[in-house]
Amino acid sequence: MNILVTGGCGYIGSHFVKFLQQNSDHKVIVFDNLSRGHREAINNDVDFEKIDLLNPSEIEIGLSKYKIDAVVHFAAFAYVGESVEDPGLYYTNNVTGSINLIKAINKAGIKKFIFSSTCSLYGNPNQVPISESEPTKPINPYAQTKLMIEKVLADFDLSHNLKYAALRYFNAAGADFEGEIGESHDPEPHLIPIVLQTALGKREHIKIFGDDYDTPDGTCIRDYIHVYDLADAHLKALEYLVRGENSDFFNLGTGDGNSVKELIDKAREVTGKEIKSVIAERRAGDPAVLVADNKKAKNILGWNPKYNLDDIIKSAWNWHQNQKY
Ligand code: UDP
């Protein structure tokens, strides 16, 4: 198949591109506007088009150059805090951009679509582990944009038979095991890169946002899932759609949670560095525990995440020590 990957130069997108190159015969075409992605994150075997999804004619011209069979749509802004401060930026980029893309691929007759969604659309869940039957109650604009596009996709399925899988990620983490690509955000809001930058002496300490949560050690618990496990789920979701199955949404997490303190301890063990931490105020909007019930993805997609926290921190440490972009 010819697979269009939007946002293929971003963190998760670039790992998916590399995963496809190594684990399939599919041809990859990347559309990315490089506003936050890195051209160096994909190699020259990939067809690359610098395309902005906010410009419908650019999308149409790009699509007309290839015979695309399926689309995997990563391109989006993904900082919760930024989305609260600047909702307009998020609604424009993530919602308008996605609708432009969906309209263009629909016009081009493309019927398979994989969408990067998020567990944050469950807000503060009633039940943990979180299954797909948990009600969606986004508590920030970023999560709203993802839920809106899931609804847009459902409507395009009804009217145009566009088949999609919405993949609701828990905490994407880790890096390529060969150290070629990894996570590089500026500014960096995520825990693991911040912890490893502290190990490298780029930061004095890591601030633990709250140690008075109702968890065993008082710090927040998250389900960290390796980017290559996510990549594998995307390929399995594509195969699921190729089999002619119905549109659906899936939680992607390991099913195991780790606290902020556990994660810092694991990073100390892997890096052999002290990694100073200080307790700080809670960060607004952080639920205490987010852990996936991943049975649906396992049963229906045949997906089985294989990497643990040790693999995540080791691969990320490998990348951060020799970060290429
Ligand atoms: N966190 C922290 N200090 C930091 C960054 C994050 O204590 O400097 C905590 C954050 O409160 C959350 C967890 O680490 O409980 C994971 O945060 P991250 O931003 O990586 O992902 P999120 O769960 O918000 O998507």
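On a predicted model such as this, the values are computed, not experimentally measured, just so you know.

(A) A look at the packing of helix α4 (residues 87–107) against helix α5 (residues 141–160). For the pair α4 and α5, the least separation of the axes is 9 Å and the interaxial angle reads 20 degrees. Our classification of the angle between α4 and α5 gives roughly parallel. α4 and α5 meet at a crossing whose hand is right-handed. Residues P87, Y90, Y91, N94, V95, S98, I99, I102, K103 and N106 of α4 form the contact with α5, whose own contacting residues are P141, Y142, Q144, T145, M148, I149, V152, L153, F156 and H160.

(B) Seen up close, the sheet that holds strand β9 (residues 221–222). Taken together, three strands build an open sheet; the order of strands is β12-β9-β14 and the sheet is mixed. The open sheet terminates on both sides in strands that have one partner only, identified here as β12 (258–259) and β14 (289–290). Strand direction decides the pairing type here: β9 and β14, joined by two bridges, are parallel. Its bridge partner being in β14, R222 is matched across the sheet by L290.

(C) Local environment of the site of the ligand. Taken together, 15 residues are adjacent to the ligand, and L191, K207, R222, R283 and D286 come closest. Here an oxygen atom of the ligand sits 3.4 Å away from a polar atom, N or O, in the main chain of P189. Here an oxygen atom of the ligand sits 2.5 Å away from a polar atom, N or O, in the side chain of D286. Contact with the protein chains covers 87% of the free accessible surface of the ligand, which is 510 Å². Of all the secondary structure elements, the ones that give two or more residues to the shell around the ligand are α6 (191–199) and β8 (206–209).

(D) Representation of the packing of helix α2 (residues 56–64) against α4. Relative to each other, α2 and α4 sit at 35 degrees, their axes nearing to 10 Å. Crossing geometry of α2 relative to α4 is assigned as right-handed. Only N100, L101, A104, I105 and K107 of α4 make contact with α2, whose side of the interface consists of P56, I59, E60 and L63. Looking at side-chain class alone, the contact of α2 with α4 contains six nonpolar, one polar and two charged residues.

(E) Region of interest: the sheet that holds strand β4 (residues 70–73). On the basis of which strands lie adjacent, the open sheet formed by seven strands has the order β3-β2-β1-β4-β5-β6-β11 and parallel pairing. Of all strands in the sheet, those with a lone pairing partner are β3 (47–50) and β11 (248–252), marking the two edges. Strand-to-strand twist in this sheet, taken as the mean axis angle between neighbours without regard to direction, amounts to 20 degrees. The sheet contact formed by strand β1 (residues 2–6) and strand β2 (residues 27–32) spans five bridges and is parallel. Along β2, the bridge assignment pairs L4 with I29. Sheet contacts for α4: β1, β4 and β5 (112–118); angle to β4, the most-contacted strand, approximately 175 degrees.

(F) Examining unusual backbone geometry more closely. The residue after V128, namely P129, is reached through a cis peptide bond having omega -5 degrees. Looking at where P129 falls in the secondary structure, it is placed in the loop between β5 and α5. Along the chain, D186 connects to P187 via a cis peptide bond; the corresponding omega equals 0 degrees. Here P187 is to be found in the loop between β7 (171–173) and α6. A positive phi is found at N161, a non-glycine position, where the angle reads about 60 degrees.

(G) Local environment of the side chain of K146. Positionally, K146 belongs in helix α5. For the buried residue K146, which engages in no salt bridge, the nearest side chain bearing the opposite charge is E150, 8.8 Å off. Ignoring anything within four residues of it in the chain, the contact list for K146 reads A76, F115, S116, S117 and T118.

(H) Structural view of the environment of D69. Assignment of secondary structure puts D69 in the loop between α2 and β4. Sequence spacing of D69 and V242 is 173 residues, and the spatial spacing of their C-alpha atoms is 9.7 Å. In contact with D69, not counting residues within four places along its chain, are M1, N2, I110 and K112. A polar side-chain atom of D69 sits 2.7 Å from the main-chain amide nitrogen of N2.

(I) Up close: the nonpolar core. The biggest cluster of nonpolar side chains holds 42 residues, and the ones touching the most others in it are V5, F16, V30, I114, L167 and L252. Elements with a contribution of two residues or more to this core: β1, α1 (11–23), β2, β4, β6 (163–169), α7 (227–242), β11 and α9 (295–301). Among the elements that take part in this core, α7 stands out by supplying 10 residues, more than any other. In this structure, L252 is in contact with L167, R168, Y169, F170, I225, L230, A233, A297 and W303, ignoring residues within four places of it in sequence. If you look at the next biggest cluster of nonpolar residues, it comprises 25 residues, including L53, I59, I110 and V152.

(J) Quick look at the pattern of salt bridges. Scanning all chains against the criterion turns up 20 salt bridges. With a closest N to O distance of 2.9 Å, K236 and D232 form a salt bridge. Of this pair, K236 and D232 both sit in helix α7, four residues apart, which is roughly one turn of that helix. Between D310 and K314 there is a salt bridge; the shortest N-O distance is 2.8 Å. Highlighted residues: D310 and K314, both in helix α10 (residues 309–321), separated by four residues, approximately one helical turn. One salt-bridge network, held together by shared partners, links K18, D176, E178 and E180.

Procedures and definitions
- Residue numbers run consecutively from 1 along every chain, following the written order of its sequence.
- Owing to the predicted nature of the model, reporting of local features is limited to residues with pLDDT of at least 70; listing and counting of side-chain atom pairs is limited to 80 or more, with chain, interface and lining totals taken over all residues.
- The basis for every side-chain value is the complete set of heavy atoms in the structure, and neither hydrogens nor water enter the calculation.
- Lines fitted to C-alpha atoms define the axes here, with helix axes fitted over just the stretch in contact, and angles between the N-to-C directions of these axes take values from 0 to 180 degrees.
- Counting from the N terminus, the helices are DSSP H or I runs at least four residues long and the strands are E runs at least two residues long.
- Here is the rule for angles: anything less than 35 degrees is roughly parallel, anything more than 145 is roughly antiparallel, 65 through 115 is roughly perpendicular, and the remaining ranges are oblique.
- The handedness criterion is simple: a crossing whose near helix is rotated anticlockwise from the far helix by less than a right angle is left-handed, and one whose near helix is rotated clockwise is right-handed.
- The criterion used for residue contact is that any of the two residues' heavy atoms lie within 4.5 Å.
- One requirement defines pairing of two strands: DSSP has to find at least two bridges between them.
- Put simply, a residue is near a molecule or strand once any heavy atom of it comes within 4 Å of that molecule or strand.
- Pairing of N or O atoms within 3.5 Å defines a polar contact, subject to two protein rules: one partner must be a possible hydrogen donor and the other a possible acceptor, and residues neighboring in sequence count only if both atoms are side-chain atoms.
- Using a 1.4 Å probe, the Shrake-Rupley method yields the accessible areas, and only the shown protein chains count as cover for residues.
- Polar here means any residue outside two lists: the nonpolar Ala, Val, Leu, Ile, Met, Phe, Trp, Tyr, Cys and Pro, and the charged Asp, Glu, Lys and Arg; Gly therefore counts as polar.
- Classification of residues uses two cut-offs on accessible area relative to the type maximum, computed with a 1.4 Å probe and protein chains only: under 20% is buried, over 50% is exposed, and between them is partly exposed.
- Charge counting follows a simple rule: Lys and Arg are positive, Asp and Glu are negative, and His as well as the terminal groups are ignored.
- The salt bridge definition used is simple: a Lys or Arg side-chain nitrogen within 4 Å of an Asp or Glu carboxyl oxygen.
- Throughout this description, the term nonpolar core refers to a set of buried Ala, Val, Leu, Ile, Met, Phe, Trp, Tyr and Cys residues connected via side-chain atoms within 4.5 Å.

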